[in-house]
Amino acid sequence: MNSKITLIPFLLFFIVFNCKKETPFTDFKYADKPVAFTCEGVNSKLLNEALYSFEDDIVNHYKKGNQNYRLDQAYSQIIRNSTFGRLKLEDMVSKHTSSIFEALKNETDLWDANNPKSHLNYKGSTMNCISESIKDTALKTTLDALISTNSMSPKLFGAPLANKYRNTLNDKNLAMYVALDLFYAKMFDIDFSKVNFEKPELKVDFNQLPPKPEVDPHAGHNH
């Protein structure tokens, strides 16, 4: 008798879950942008949209009127703030990004509800693709070691990542990791009904590179 009672709510959940119709995401604002991330077997089109929207959000949030603010600077801040629990997503996320997140939630292989360190599925197809393609050998070795030993967490990988934040400009696999684990994965804890989306949106120059360091012409000379 007890087994039948237990089975009923499970069957009801199964029926409701399977009858729910998922509306495909169609609001692609960045479809004209170059493909930054591609991976066989995953929703690359949606992930590219997620990456570009994320980059827009972090620059819009951190630049605070500074017209010379660069994308790599925003990556530096998001990595450190997210890693050390200082991220204020409610002040950063645009309405478009929240819509993307709702679509990303349907990508079941992307998430792990049983992971206490992050909602991101570190052994899913997307993360496997990211870890295989990261350009920096040292970061790739660290990431692979953390995942293989079930030690992976945003905080542990955040430390070496923070020192190489500029790599995100030329390695969009690494940038995708930052977007997914340090930004989108944390949205599961946000009540978007309380978020004010009436924030001005500024466009980001995704081709902007950090300036070359200036050489002091007097360096090495005694005066």
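Only a predicted model underlies this, so the values are computations on that prediction, with no experimental measurement involved.

Q: In this structure, what is going on with the packing of helix α6 (residues 137-148) against helix α7 (residues 154-162)? I would like to understand it.
A: A pair of packed helices is characterised by two quantities: the angle between their axes and the separation of those axes. Running from N to C, α6 and α7 point in directions that differ by 175 degrees, and their axes come no closer than 10 Å. It follows that α6 is roughly antiparallel to α7 by the angle criterion. For the pair formed by α6 and α7, the contact residues are Leu139, Thr142, Leu143 and Leu146 on the first element and Leu156, Phe157, Pro160 and Leu161 on the second. Residues of the contact of α6 with α7, tallied by class, amount to 7 nonpolar, 1 polar and no charged.

Q: When you look at the packing of helix α5 (residues 125-133) against helix α9 (residues 172-182) in this model, what are you seeing that I'm missing?
A: The contact between α5 and α9 brings their axes to 8 Å, and the two run at 140 degrees. For the element pair α5 / α9, the angle class is oblique. Two packed elements cross with a definite hand, and for α5 against α9 that hand is left-handed. Between α5 and α9, the residues in contact are Thr126, Met127, Cys129, Ile130 and Ser133 and Asn173, Met176, Tyr177 and Leu180, respectively. Grouping the constituent residues of the contact of α5 with α9 by class yields 6 nonpolar, 3 polar and no charged.

Q: I would appreciate a short explanation of the packing of aromatic side chains in the present structure.
A: Both the distance between ring centres and the angle between the ring planes are used here to describe each pair of aromatic rings. Evaluation of the coordinates by the stated rule reveals 10 aromatic pairs. Plain terms: the ring middles of Phe54 and Tyr75 are 5.7 Å apart, the flat faces sit at 70 degrees to each other, and that makes the pair edge-to-face. Taken together, the positions of Phe54 in helix α2 (residues 44-63) and Tyr75 in helix α3 (residues 71-83) put the pair 21 residues apart, joining distant regions of the chain. With relative accessibility at 0%, the residue Phe54 sits in the buried group.

Q: Help me understand the environment of Asn196, please; the structure alone is not making it clear to me.
A: Its location among the elements puts Asn196 in the segment after α9. Along the backbone, Asn196 and Met92 are 104 residues apart, and their C-alpha atoms lie at a distance of 9.6 Å.

Q: Please clarify how the side chain of Asn81 should be interpreted in this entry.
A: Examined against the element boundaries, Asn81 turns out to sit in helix α3. Assessed through its relative accessible area of 16%, Asn81 is described here as buried. Excluding anything up to four places from it in sequence, Asn81 contacts Tyr62, Arg86 and Leu87.

Q: Would you explain the confidence of the model for the protein chain in this entry?
A: Detailed reading of the predicted model is not advised wherever pLDDT is low. When pLDDT is averaged across the protein chain, the result is 85; 79% of the residues are at 70 or more. Taken as a whole, residues 9-20 scores under 50 in pLDDT and shows 0 contacts with residues more than four places along the chain or in a different chain.

Here is what the cut-offs are and how they apply
Residues numbered from 1 in each chain as written. Predicted model: local features only at pLDDT ≥ 70, side-chain atom pairs only at ≥ 80, totals over all residues. Heavy atoms only, no water. Axes fitted to C-alpha atoms, helices over the stretch in contact; angles between N-to-C directions. Helix = DSSP H or I, 4+ residues; strand = E, 2+ residues; numbered from the N terminus. Parallel < 35°, antiparallel > 145°, perpendicular 65-115°, else oblique. Contact = heavy atoms within 4.5 Å. Nonpolar A, V, L, I, M, F, W, Y, C, P; charged D, E, K, R; others polar. Left-handed = near helix turned anticlockwise from the far one by under 90°. Phe/Tyr/Trp six-rings, centres within 6.5 Å; stacked < 30°, edge-to-face > 60°. Buried < 20%, exposed > 50% of the residue type's maximum accessible area, 1.4 Å probe, protein only. pLDDT = per-residue confidence, 0-100.

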